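Structural characterization, general
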Amino acid sequence: MSASGGLRRFWPLFLVGLVLLGAGAAGLTLRQAESRVSEDPQVPAVIDTTSARPRAEEPGPSTVEFTPDASAHPDAAAIRSTLTGYFDAINNRDFDKWRAHVTSKVALEYQRANWLADYASTKDGSILVRRVINSPGNTLRIMLTFTSTQDEAKSPASARSDCNRWRSTYQLAWEGRLLRIDKGSPQSTVVTVC
């Protein structure tokens, strides 16, 4: 057998080995980056509150928490107040309080009976604001995660369960001096089963 014939036979194995080595190095780099809390305000700190907890403890506490990156935003206190009121209203089935924490445009889209039916069994918790981004038109995009429990029939069709974990982006807008939750983009939500 010639030297060139032997090389041709081992060339694919060499390429596979190179690809595996590159993938391993990329994975290690990504893991190191995720384990580090960034001091760059453009990069959110990674804190995972979606780890499994005993089923009886789901959805977790309803306190709104922030990553270090998100808590450094100048509007963090207003964001916390708005999200706390919003989630408390859902957890307590308080339609009027919920309307006070959404924009007038969003409030007009719901009738009391429909809202109460949609949220009749919902409890939200483990709420973590991961990142706050200033957006055009004096609005904010809030990247957050939370857990919800509900009757399975009320869960998203893509993740039927009595317990779901959500990774969402909410749009917040100022109405006068009040920060309110505005209509978000549906593509910005990922839902998984607990």
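For the structure itself, look to the data block above.
Residues numbered from 1 in each chain as written. Predicted model: local features only at pLDDT ≥ 70, side-chain atom pairs only at ≥ 80, totals over all residues. Heavy atoms only, no water.

Re the environment of Ser161
Relative to the helices and strands, Ser161 is located in the loop between β3 (139-149) and β4 (163-175). Spatially, the C-alpha atoms of Ser161 and Gln150 are 8.0 Å apart, while their sequence positions differ by 11 residues. Once residues lying within four places of it in the same chain are set aside, the contact partners of Ser161 are Arg55, Gln150, Glu152, Ser155 and Val193. Only 2.9 Å separates the side chain of Ser161 from the backbone oxygen of Cys163, close enough to count as a polar contact. (Helix = DSSP H or I, 4+ residues; strand = E, 2+ residues; numbered from the N terminus. Contact = heavy atoms within 4.5 Å. Polar contact = N/O pair within 3.5 Å; in protein donor to acceptor, adjacent residues only side chain to side chain.)

Considerations on the nonpolar core
In this structure, Ile79, Leu83, Tyr86, Trp98, Ile142 and Tyr170 are the most contacted members of the largest nonpolar core, which totals 28 residues. Sorting the residues of this core by element identifies β1 (64-66), α3 (76-91), α4 (95-99), α5 (104-107), β2 (123-135), β3, β4 and β5 (178-182) as the ones contributing at least two each. Of all the elements, α3 adds the most residues to this core, at 7 residues. Beyond its immediate sequence surroundings of up to four residues, Trp98 is in contact with Tyr86, Ala89, Ile90, Val106, Ala107, Tyr110 and Trp115. (Core = buried A, V, L, I, M, F, W, Y, C linked by side-chain atoms within 4.5 Å. Buried < 20%, exposed > 50% of the residue type's maximum accessible area, 1.4 Å probe, protein only.)

Digging into the side chain of Glu58
In this structure, Glu58 sits in the loop between α1 (3-35) and β1. One polar contact links Glu58 to Arg165, side chain to side chain, over a distance of 3.0 Å. Beyond its immediate stretch of four places on either side in the chain, Glu58 contacts Arg53, Thr147, Thr149, Cys163 and Arg165.

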